[in-house]
Amino acid sequence: MISVEDFAAQADAWFAEHTPRGVPFMLPLTFMEVGTDEQFDFLRDWQNQVYRAGYLGAHWPTDYGGGGLTQKHQDAATRVMRKYNVPIMLNAIGIGWAGPLILDTGTEDEKRKYLPGILSADDIWCQGFSEPDNGSDLGNAQLKAVRDGDEYVLNGSKTWTTQGNYAKYMILLARTDFDAPNKYAGLSFFLAPMRIPGVETTKIRKLTGEYGFTQTFFTDARIPADTLMGQEGEGWKVAMRTLEYERGARGGQAGGYTISQTDPLEVVGLAKRATRNGQPALEDPVMRDRLMAQMIEGQAMMANRERAKIMPLVMERPFALPMLSKLQFTEYARETGELALELEGAQSGYYVGEAGSREDGYWQRSYLNAFSATIGGGTSQIQRNIVGEHVLGLPKTR
Amino acid sequence: MTAHLAKIALTEMQAELRDQAMKFCGEKSPVSKVRALLEDERGYDEAVWAEMAELGWLGIAIPEDQGGLGLELADVVPIAEAMGKHLMNSPYASTTLAAQAILHGGSDAQKAEWLPKLSSGTVATVALFEPSGAWELDAVTGETKTFVLNLNAAEIVVTTVKHDGQTRLALIPRDTIEARRETIIDETKRSYRFDVPEIDAIWLMPAELTSAALDRIELVANLLQAAELSGAAMACVDYTVDYLKTRKQFGKVIGAFQALKHPTVDAFMGAEGARSLLYAAATHVERQGEGEIAVRMANAKAGGALSYAADRSIQFHGGFGFTYDCDAQLYRRVAMFAASQFGDAAFHRARLAELLL
Ligand SMILES: Cc1cc2nc3c(=O)[nH]c(=O)nc-3n(C[C@H](O)[C@H](O)[C@H](O)COP(=O)(O)OP(=O)(O)OC[C@H]3O[C@@H](n4cnc5c(N)ncnc54)[C@H](O)[C@@H]3O)c2cc1C
Ligand SMILES: Cc1cc2nc3c(=O)[nH]c(=O)nc-3n(C[C@H](O)[C@H](O)[C@H](O)COP(=O)(O)OP(=O)(O)OC[C@H]3O[C@@H](n4cnc5c(N)ncnc54)[C@H](O)[C@@H]3O)c2cc1C
């Protein structure tokens, strides 16, 4: 097997040569912002190239389209991607959580059927958890799945479905038993096909003005019964496992990154260029203080990540740092965007497309977009409940 | 630019020291003892101090040929953290500061005389601040010193003086000083004020080392403070969580109310971040330039983390939180006093801005 160092060096050379530059349209910063066909086609092609070069799913078994190497190999490749700030990987739900779920708990048939298409981006995946009435209260999902012979018949609606309009498959949480002893016991989990009669998606416009998620309507849509994952009635357990992948508390992801991280140094760069009161914003003492506070927070998060690897320094509460990380990183990105807007002073009022804007409204758009991560995947408030209850042992909020 | 500053190294020795110190401070400094010592003139237990000397803690960052253990400054961090966690007062920080000042600013004779003594339990302190309130250590008139910790117990005082119009460091014997005790916000500590006596030329430390020694003092002071505050922040969160798990109102344990749960999680997150930055600072402290950045970041973060945790702790204890009996006030006072010493968080951020922006 090739050494990690050699693999990293190869990756470095490959990305140095192949990273697309000067793309003539705005690229999404996260997988939740893929709003135009132009963006979609470009990113699908990019993920496919990276995969074919061997830098995505490098550690997944070769039987399922992976590279048969180790996690360390993939991590090295991912680090190189960050270094070159390459475009994000499109098929986030596939490579990030549906894939690992199937890899860990799926049948042999499921693995062979689904995993290669996830890596190549031929098969886009979406996640049908939230409903118009049930988001945070995920366990209350109401979409109905009724068994009829070798099929289940679906009726109801899912919403805020990222890339729902592009997806071939959906990981779907549906209710198979309305008389179960409790709401969680009546749920089942499916690897549902999307391109079938009775499934329709409509795009939803986001606060940024762009598109990126959909509402999905199911009207007597029939899916094969063998798309059930795990046992009927055990969907909640599977969904919780999926959320662990989504929130980064469980590994196995195919690698590459799907959300670009905000580097506080980018804001420092902005502070040098932007002006407040006719001076570089960087010279404004209040702004300097705000910048430093933000950089210290950023540094603390990075140090948390380092400390999490050192057992004697996390023994008291081994899961604390991983469980905090979604809350921290997403709120940090939002606050960084807010700070950037303050730095822009009078220019902060322009939006994308306006000639007078700084960096074509990059920070305005990215601040508004930052809410995708503080809401999606469980809101920051829900994260606080989880940390309070599972890490600090506080009583459940009822 | 600063990414690698987040790296954390932990030696087996540091892990052992941390275990040992946490256990030791936990046993020797239960809160009943902390409270009993609030009334004590000296403010710490001399027998416990002797045990620390016995354990070798005082010689950690002093070279072997000066009577110390010849370990690193980073190895002092777990001890200061444990003391902070258990609100244990002792002259550990003041003696360590004085030792580092002498090590980096003293003459060979001064080192030979004092370092072996300090590493075996002789108490020392530093007198750096004046009533003007300046945190810049070289801004001195050399007349009156304030916030001199543990002076009553010290044999020697490292102080800044004005000599021939220049800021210099001097080692003043305690018995040449007349001091009065100050009333300070953190009642676990003992602080004194004195008028600087006539300086005997043999007390002076070499002029050419002054600036390096002052830098060293500031660095070490901020590192020790970050450790103390970070330890205290975690303890304060634990203390608060315990109450939130037991106190009932409106038929519920109050920790179930999100108005309390969520800020407590934020306090916890702050304390975790402070702890990580502390270890990162310990890892980098001896690297030129980077040490200062990492240490100031850790101190600024730890001060804020403890202040927030303790402030919310008072509030979440309700009427009891307003009483002297509630430990929340002890934690809050630690942070308030720390902010008065060697620069508050805004001061560190301003310095960091100069270094990083
Ligand atoms: C960009 C984006 C992409 C998304 N992609 C997907 C996707 O692909 N698939 C999918 O299934 N879903 C997706 N979602 C949906 C997302 O998971 C939900 O929006 C989220 O879980 C919140 O649910 P909700 O919108 O119903 O808000 P609500 O649950 O109605 O919450 C409203 C407010 O109440 C607060 N709140 C609710 N319950 C509590 C509580 N117990 N304690 C304290 N505060 C509470 C919330 O924090 C929030 O502030 C996406 C969302 C966004 C923004
Ligand atoms: C200076 C002072 C003077 C006082 N004088 C008088 C007086 O003259 N006469 C008198 O009768 N009383 C007096 N009190 C008592 C005062 O009214 C109570 O302390 C106060 O009502 C809080 O009750 P508690 O102390 O039992 O706290 P708890 O009710 O135990 O509250 C503990 C914490 O839980 C929070 N909490 C409790 N319930 C909820 C909830 N449902 N949702 C969210 N958070 C919650 C509280 O805000 C607090 O942070 C005084 C208190 C003080 C501090």
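Values in this document were obtained by computation on a predicted structure and should not be read as measured data. (Residues numbered from 1 in each chain as written. Chains lettered and ligands numbered in written order. Predicted model: local features only at pLDDT ≥ 70, side-chain atom pairs only at ≥ 80, totals over all residues. Heavy atoms only, no water.)

K.L.:
I'd like to hear about the overall build of chain B, residue by residue, with values.
P.N.:
Within chain B one finds twelve helices and eight strands. For 357 residues, the compact-globule estimate of 2.2 N^0.38 gives 21 Å, and chain B sits close to it at 20 Å. Overall size of chain B, expressed as C-alpha extent along the three principal axes, is 70 × 50 × 40 Å. Sorting the 357 residues of chain B into buried and exposed places 61% on the buried side. Restricting the contact set of chain B to residue pairs at least 6 apart, pairs at least 24 apart contribute 73%. For chain B, the computed accessible surface area is about 13,800 Å², with 51% contributed by carbon and sulfur atoms. (Helix = DSSP H or I, 4+ residues; strand = E, 2+ residues; numbered from the N terminus. Rg over C-alpha atoms; globule rule 2.2 N^0.38 Å. Buried < 20%, exposed > 50% of the residue type's maximum accessible area, 1.4 Å probe, protein only. Contact = heavy atoms within 4.5 Å. Areas by Shrake-Rupley, 256 points an atom, 1.4 Å probe, with all protein chains shown as cover.)

K.L.:
How would you summarise the UniProt feature "domain: Acyl-CoA dehydrogenase/oxidase N-terminal" (unreviewed entry) in chain A if you had to cite specific residues and measurements?
P.N.:
Here, UniProt's "domain: Acyl-CoA dehydrogenase/oxidase N-terminal" (unreviewed entry) annotation points to residues 37-121 of chain A. Annotated as 67% helix and 0% strand, the span residues 37-121 of chain A places its first and last C-alpha atoms 15 Å apart. (UniProt positions renumbered as here; feature names shortened; annotations may be inferred.)

K.L.:
Lay out the environment of Asp 242 of chain B in plain terms, naming residues and giving numbers.
P.N.:
All names here are of chain B. Secondary-structure assignment places Asp 242 in helix α7 (residues 210-246). With relative accessibility at 49%, the residue Asp 242 sits in the partly exposed group. Sequence separation between Asp 242 and Gly 255 is 13 residues; the distance between their C-alpha atoms is 9.2 Å.

K.L.:
Account for the UniProt feature "domain: Acyl-CoA dehydrogenase/oxidase N-terminal" (unreviewed entry) in chain B, with residues named and values stated.
P.N.:
Listed under "domain: Acyl-CoA dehydrogenase/oxidase N-terminal" (unreviewed entry) in the UniProt record, and renumbered for this structure, are residues 11-121 of chain B. Between the end C-alpha atoms of residues 11-121 of chain B there is a gap of 26 Å, over a span that is 63% helix and 0% strand.

K.L.:
Please give an account of the packing of helix α4 (residues 92-105) of chain A against helix α5 (residues 108-120) of chain A that cites residues and values.
P.N.:
Residue and element names in this part refer to chain A. The N-to-C vectors of α4 and α5 enclose an angle of 160°; their axes lie 10 Å apart at closest approach. Classed by the angle they form, the pair α4 and α5 counts as roughly antiparallel. The crossing of α4 and α5 is left-handed. Contact residues: α4 offers Gly 94, Ile 95, Gly 99, Ile 102 and Leu 103, while α5 offers Glu 110, Lys 111, Tyr 114, Leu 115 and Ile 118. Of the residues contributing to the contact of α4 with α5, the split by class is six nonpolar, two polar and two charged. (Axes fitted to C-alpha atoms, helices over the stretch in contact; angles between N-to-C directions. Parallel < 35°, antiparallel > 145°, perpendicular 65-115°, else oblique. Left-handed = near helix turned anticlockwise from the far one by under 90°. Nonpolar A, V, L, I, M, F, W, Y, C, P; charged D, E, K, R; others polar.)

K.L.:
Explain the interface of chain B and chain A to me, using residue names and the numbers behind them.
P.N.:
Taken together, the 44 residues of chain B in the interface contact 42 residues of chain A. For the chain B and chain A pair, buried surface summed over both sides reaches about 3,800 Å², with 67% attributable to carbon and sulfur atoms. If you look at where chain B meets chain A, you find nine salt bridges. Glu 306 of chain A is the salt-bridge partner of Lys 7 of chain B, the closest N and O atoms lying 3.8 Å from each other. The interface formed by chain B and chain A holds 17 residue pairs in polar contact (both at pLDDT 80 or more) in total. Classifying every residue of the side of chain B that touches chain A gives 25 nonpolar, seven polar and twelve charged. (Buried area = accessible area lost by both parts, 1.4 Å probe. Salt bridge = Lys/Arg side-chain N within 4 Å of Asp/Glu carboxyl O. Polar contact = N/O pair within 3.5 Å; in protein donor to acceptor, adjacent residues only side chain to side chain.)

K.L.:
Outline the pairing of strand β5 (residues 187-193) of chain A, supporting the account with residue identities and numerical values.
P.N.:
Residues and elements named next belong to chain A. Of all seven residues making up β5, seven are buried, and the element is well covered by its neighbours. Of the two faces of β5, the one lined by Leu 187, Phe 189, Leu 191 and Pro 193 and the one lined by Ser 188, Phe 190 and Ala 192 are each fully buried. In terms of strand pairing, strand β4 (residues 169-175) meets β5 through seven bridges, oriented antiparallel. What sits directly across from Ala 174, in β5, is Ser 188. Of the strand pairs in this sheet, β5 and strand β8 (residues 228-229) are connected by two bridges, and their pairing is antiparallel. (Pairing = 2+ DSSP bridges.)

K.L.:
A description of helix α8 (residues 285-307) of chain A should follow, citing residues and the corresponding values.
P.N.:
Since the α-helix turns once every 3.6 residues, residues separated by three or four places project in the same direction. Taking 1.5 Å of rise per residue, the 23 residues of α8 of chain A would be expected to cover 33 Å, and the 32 Å separating its terminal C-alpha atoms lies within 8% of that figure. Where α8 of chain A starts, the residue carrying a side-chain oxygen 2.9 Å from the main-chain nitrogen of Val 286 of chain A turns out to be Asp 284 of chain A. (Expected span 1.5 Å × (residues − 1).)

K.L.:
Account for the sheet that holds strand β5 (residues 179-182) of chain B, with residues named and values stated.
P.N.:
Residue and element names in this part refer to chain B. Ordered by their spatial adjacency, three strands build an open sheet running β2-β6-β5, and the pairing between neighbours is antiparallel. Looking at the sheet topology across the chains shown, the edges are occupied by β2 (144-149) and β5. When strand polarity is set aside, the average angle formed by the axes of neighbouring strands in this sheet is 30°.

K.L.:
Kindly report on the site of ligand 1, identifying the contributing residues and their values.
P.N.:
With respect to spatial proximity, 19 residues lie near ligand 1, and among them Gln 127, Ser 130, Ser 136, Trp 160 and Thr 379 of chain A are the closest. Flanking ligand 1 are residues from chains A and B. At 2.8 Å from a nitrogen atom of ligand 1 is found a main-chain nitrogen or oxygen belonging to Trp 160 of chain A. Within the side chain of Gln 381 of chain A, an N or O atom sits 3.0 Å from an oxygen atom of ligand 1. Partitioned by chemical class, the residues of the shell around ligand 1 number six nonpolar, 13 polar and no charged. (Near = heavy atom within 4 Å.)

K.L.:
Before we move on, can you summarise the site of ligand 2 with the specific residues and values?
P.N.:
Residue and element names in this part refer to chain B. Near ligand 2, the surroundings consist of Arg 247, Gln 249, Phe 250, Ile 254, Phe 257, Leu 260, Gln 315, Phe 316, Gly 318, Gly 319 and Phe 322. Here an oxygen atom of ligand 2 sits 2.8 Å away from a polar atom, N or O, in the main chain of Gln 315. The fraction of the free accessible surface of ligand 2 (970 Å²) that becomes covered by protein chains is 44%. Those elements that place two or more of their residues in the shell around ligand 2 are α9 (290-316) and α10 (318-321). Here the residues of the shell around ligand 2 sort into six nonpolar, four polar and one charged.

K.L.:
Can you explain the packing of aromatic side chains? Please cite residues and give values.
P.N.:
All names here are of chain A. Scanning the model with the defined rule gives 26 aromatic pairs over all chains in all. Where Phe 7 meets Tyr 55, the ring centres are 5.4 Å apart and the plane angle is 55°; that geometry is what we call tilted. With Phe 7 in helix α1 (residues 4-18) and Tyr 55 in the loop between α2 (37-53) and α3 (71-83), this pair connects stretches of sequence that are 48 residues apart. Ring geometry for Trp 125 and Tyr 169: centres 4.9 Å apart, planes at 35°, overall tilted. On the criterion of sequence distance, the pair formed by Trp 125 in strand β1 (residues 125-128) and Tyr 169 in strand β4 is long-range, its members being 44 residues apart. (Phe/Tyr/Trp six-rings, centres within 6.5 Å; stacked < 30°, edge-to-face > 60°.)

K.L.:
Give me helix α8 (residues 258-284) of chain B: which residues, what numbers.
P.N.:
Look at α8 of chain B: 38 Å from first C-alpha to last across 27 residues, which is about the 39 Å you get at 1.5 Å a residue. α8 of chain B sits mainly inside the fold: 24 of its 27 residues count as buried.

K.L.:
Quick one: what's the story with the sheet that holds strand β3 (residues 156-163) of chain B, residue by residue and with numbers?
P.N.:
Residues and elements named next belong to chain B. Across the sheet, three strands lie side by side as β1-β3-β4; this open sheet has mixed pairing. Every interior strand has two partners, whereas the edge strands, β1 (124-127) and β4 (166-173), have only one. With strand direction ignored, the average angle separating the axes of adjacent strands in the sheet is 30°. Judged from the eight bridges that link them, β3 and β4 form a sheet pairing that is antiparallel.

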